[in-house]
Amino acid sequence: MRLTGDPNQKLPSQIPVYVPVAAGEVYRWNEIHWTGNVLVSEFTLNALLGVKHGDLADGMQMEAAWDRVHEEYAHRGYLEAKIDPSSL
């Protein structure tokens, strides 16, 4: 679709936009090591993540998982708990 410079032409209510996407590498979940944790068991934290070894590593799913872990600490009174997902 092309828009012309004619000011008398009514513009369409929708314009299709095509964005090329190049898929990147596929990553799979391997494991997690919890450090600095004394309040919630590793079993509980791993269950909150909702991913198993070999699952596809989905960024949105992991963001939701970190939110669930943060909420677990908040329910236990630690409203300012910091979750720092980092790899070494």
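You'll find the structure just up there.
So, the packing of aromatic side chains
For step 1, the next point in the chain: In this structure the tally under the stated criterion is 2 aromatic pairs.
For step 2, the next point in the chain: Geometrically, the ring pair formed by W34 and W66 is edge-to-face, given 6.4 Å between the ring centres and 80 degrees between the ring planes. Linking W34 in the segment before helix 1 (42-49) with W66 in helix 2 (residues 59-75), this pair joins segments that are 32 residues apart in sequence. For the pair formed by W34 and W66, the shared burial category is buried.
For step 3, the next point in the chain: An angle of 85 degrees between the planes, with centres 6.5 Å apart, marks the rings of Y73 and Y78 as edge-to-face.
For step 4, the next point in the chain: With relative accessibility at 12%, the residue Y73 sits in the buried group.

What counts, and at which threshold
- Residues numbered from 1 in each chain as written.
- Predicted model: local features only at pLDDT ≥ 70, side-chain atom pairs only at ≥ 80, totals over all residues.
- Heavy atoms only, no water.
- Phe/Tyr/Trp six-rings, centres within 6.5 Å; stacked < 30°, edge-to-face > 60°.
- Helix = DSSP H or I, 4+ residues; strand = E, 2+ residues; numbered from the N terminus.
- Buried < 20%, exposed > 50% of the residue type's maximum accessible area, 1.4 Å probe, protein only.

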